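Listed below, chain by chain, are the residues.
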Amino acid sequence: MVVIGAGEAGARAAMALREQGFAGKITLVGDEPHGPYERPPLSKSALTDAPEPRATIILTPERQAEHGITHRSHTRVLAIDRAAHQIELADNEPLAYDRLLLATGASARRLSVEGADNALTLRTFDDARALRARLRPGQHVAIIGGGFIGLELAAAARARGAEVTLIELAPRLLARAVPADIAAILAARHATEGVRILTGTGIVHIETDANGHAIRLSTGERIACDAIVAGIGAVPETGLAARAGLAIDNGVAVDARLATEDPDIFAAGDCCSFPHALYGGRRLRLEAWRNAQDQGNAAAAGMLGSEEPYAAVPWFWSDQYDLTLQIAGLPDEGRETITRDLGDGARLDFHLAGDGRLVAASAVGPNGRIARDVRLAEMLIAKRATPDKAALADATVKLKGLLAG
Ligand SMILES: Cc1cc2nc3c(=O)[nH]c(=O)nc-3n(C[C@H](O)[C@H](O)[C@H](O)COP(=O)(O)OP(=O)(O)OC[C@H]3O[C@@H](n4cnc5c(N)ncnc54)[C@H](O)[C@@H]3O)c2cc1C
């Protein structure tokens, strides 16, 4: 078994293959120099923890030995030869496979304006280290993009005492994935923390000289700053699959078992798109930590012959200051929103489809206050429940009780 990409999905799949009883050889190939590590801390604690950031290793050398997994770091896979059942490595002999998993993730989308080469991005541990050095009192950081990465970065930069201007092209923050009311709560908090937020604002170009950078905005304003970071989304790593002739559809296209059209090649995590049964077979590509883990497990099962479809409820979280945001399901499938006030500044929105089915829940609140309720909402979504609307709105009605109904 060969796994390409030693990130969350790849490392999890390698472990799962062994845990699920596979006794043969498992090789995990990745192009980064580090052991497989967690990405979520890179925009959070890795930027703020003193004295030095440390990678949170998922699969330590001890666990690799225990599970009999060979991890080849620093090794880029250049091509897949499907007919010969082998992969071509940058600096080594070809490596044969019986079953192959593509867990190549995504890379940070780059700005395309003039001067964009001077903008940093945040995807890897080395990116986080480079960025962290720029977050200091007296430094002015311009963040381009008001999505999760941009906002988490803004919170971390403020925690380190840097001045922050955040520039977003859309009329509001988190426009892609988060309902407007919840996004507004986060926007208000960032403003209170001193982040200058400019929405509906484009970048014309970036100038750089010995004194630093300046961004020319679509409004005509010129913003001088010490560092620029672009958090404008991620692009799935599909090059290998495309060159091997596999179908691409906003990611490596897989079926519900995470198999590509080649029965010996699977894909998992940020790099793939898959049909989801809960949403009428709608094809999704999720850039989310839990999805990468769950799909790693599911792909391992598929590689070992399981026919079980992947059907986990999409789930995402973000931490900014003491606030946690969690989203279960797909809010854009909802036609009606019912709000439950959880107290202590915490709020949970239920999103119902036209037929009353609960399709998503989005919540924000301090200190993990929302976690338990989102977990229960997630179980209701998985059950395809059509809960009573008055009960959803009433915080004295326990969600656990609705689950039993
Ligand atoms: C800064 C940051 C913060 C995040 N925060 C959150 C969060 O708060 N909550 C949440 O739910 N999700 C979060 N995520 C998303 C989550 O981390 C990702 O969804 C998850 O890491 C995806 O795992 P993956 O294994 O699919 O891809 P990755 O973790 O990207 O791993 C893919 C690996 O494959 C390697 N690779 C690619 N091509 C090749 C090749 N040809 N040869 C060899 N190796 C190759 C890459 O270098 C990489 O190491 C965050 C992501 C980032 C970047």
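Anything mentioned here points back to the structure above.
Residues numbered from 1 in each chain as written. Predicted model: local features only at pLDDT ≥ 70, side-chain atom pairs only at ≥ 80, totals over all residues. Heavy atoms only, no water.

Draft legend 1. Structural detail: the pairing of strand 12 (residues 203-209). The sheet contact formed by strand 12 and strand 13 (residues 212-217) spans 6 bridges and is antiparallel. Across the sheet, Ile203 pairs through a bridge with Leu217, a residue of strand 13. (Pairing = 2+ DSSP bridges. Helix = DSSP H or I, 4+ residues; strand = E, 2+ residues; numbered from the N terminus.)

Draft legend 2. Fine view of the sheet that holds strand 19 (residues 272-276). The mixed open sheet is built from 3 strands, whose spatial order is 17-19-20. Strands with a single pairing partner mark the edges of an open sheet, and in this sheet they are strand 17 (252-253) and strand 20 (282-284). Two strands pair when backbone bridges link them, and strand 19 and strand 20 are joined in this way by 3 bridges, in the antiparallel orientation. Paired with Phe274 across the two strands is Leu284, which belongs to strand 20.

Draft legend 3. Here's a closer look at the site of the ligand. Around the ligand, 33 residues are found, and the nearest of them are Asp31, Glu32, Arg39, Lys44 and Asp270. Taking Glu32, its side chain carries an N or O atom lying 2.6 Å from an oxygen atom of the ligand. Contact between the ligand and Arg123: an oxygen atom at 2.8 Å from a side-chain N or O atom of the residue. For the ligand, the protein covers 94% of the area, taking 1,000 Å² as the surface of the free molecule. Among the secondary structure elements, those contributing two or more residues to the shell around the ligand are helix 1 (8-19), helix 5 (148-159), helix 8 (289-303) and strand 21 (315-320). Partitioned by chemical class, the residues of the shell around the ligand number 15 nonpolar, 8 polar and 10 charged. (Near = heavy atom within 4 Å. Polar contact = N/O pair within 3.5 Å; in protein donor to acceptor, adjacent residues only side chain to side chain. Areas by Shrake-Rupley, 256 points an atom, 1.4 Å probe, with all protein chains shown as cover. Nonpolar A, V, L, I, M, F, W, Y, C, P; charged D, E, K, R; others polar.)

Draft legend 4. Layout of the pattern of salt bridges. Enumeration over the complete set of coordinates arrives at 24 salt bridges. Put simply, Arg347 and Asp349 hold a salt bridge, and the shortest N to O gap is 3.1 Å. Where salt bridges share partners, they join Asp181, Arg347 and Asp349 into one cluster. (Salt bridge = Lys/Arg side-chain N within 4 Å of Asp/Glu carboxyl O.)

Draft legend 5. Structural detail: the sheet that holds strand 1 (residues 2-4). In space, the 5 strands of this open sheet follow the order 3-2-1-7-18, with parallel pairing throughout. Two strands close off the open sheet at either side, each with one partner strand: strand 3 (69-72) and strand 18 (265-267). Each strand axis lies, on average, 20 degrees off the axis of its neighbour in the sheet, ignoring direction. Against the sheet, helix 1 contacts strand 1, strand 2 (26-29), strand 3 and strand 7 (100-102), and its axis sits at roughly 175 degrees relative to strand 2. (Axes fitted to C-alpha atoms, helices over the stretch in contact; angles between N-to-C directions. Contact = heavy atoms within 4.5 Å.)

Draft legend 6. Inspection of the packing of helix 1 against helix 8 at higher detail. Put simply, helix 1 and helix 8 touch, their axes get as near as 7 Å, and they point 40 degrees apart. Here helix 8 runs oblique to helix 1, going by the angle between their axes. Here helix 1 and helix 8 pass one another in a crossing that is right-handed. Contacts between helix 1 and helix 8 involve Glu8, Ala9, Arg12, Ala13, Ala16 and Leu17 on the former and, on the latter, Trp289, Ala292, Gln293, Gly296, Asn297, Ala300 and Met303. Tallied by class, residues from the contact of helix 1 with helix 8 come to 8 nonpolar, 3 polar and 2 charged. (Parallel < 35°, antiparallel > 145°, perpendicular 65-115°, else oblique. Left-handed = near helix turned anticlockwise from the far one by under 90°.)

Draft legend 7. Seen up close, unusual backbone geometry. Of note, the amide linkage connecting Ala50 to Pro51 takes the cis form, showing an omega dihedral of -5 degrees. Along the chain, Pro51 turns up in the loop between helix 2 (45-48) and helix 3 (61-67). With a phi close to 50 degrees, Asn250 is a non-glycine residue in the positive phi region. Positionally, Asn250 belongs in the loop between helix 7 (239-243) and strand 17. Even without glycine at this site, Asp344 takes up a positive phi of about 55 degrees. Among the structural elements, Asp344 can be located in the loop between strand 23 (336-343) and strand 24 (346-352). The class of Asp344 is exposed, set by a relative accessible area of 62%. (Buried < 20%, exposed > 50% of the residue type's maximum accessible area, 1.4 Å probe, protein only.)

Draft legend 8. Looking closely at helix 6 (residues 180-192). For helix 6, which comprises 13 residues, the first-to-last C-alpha distance of 18 Å matches the rise-based estimate of 18 Å (1.5 Å per residue) to within 8%. Taken residue by residue, helix 6 has Ile182, Ala183, Leu186 and His190 as its buried positions. The arc that holds every buried residue of helix 6, seen down its axis, measures 100 degrees, which confines them to one face. Buried residues along helix 6 sit in contact with helix 5, strand 11 (196-198), strand 21, strand 22 (323-329), strand 24 and strand 25 (358-366). Backbone geometry just after helix 6 places Gly194 at a positive phi near 95 degrees. (Expected span 1.5 Å × (residues − 1). Arc of directions from axis to C-beta.)

Don't take any of this as a statement about function, it's just geometry.
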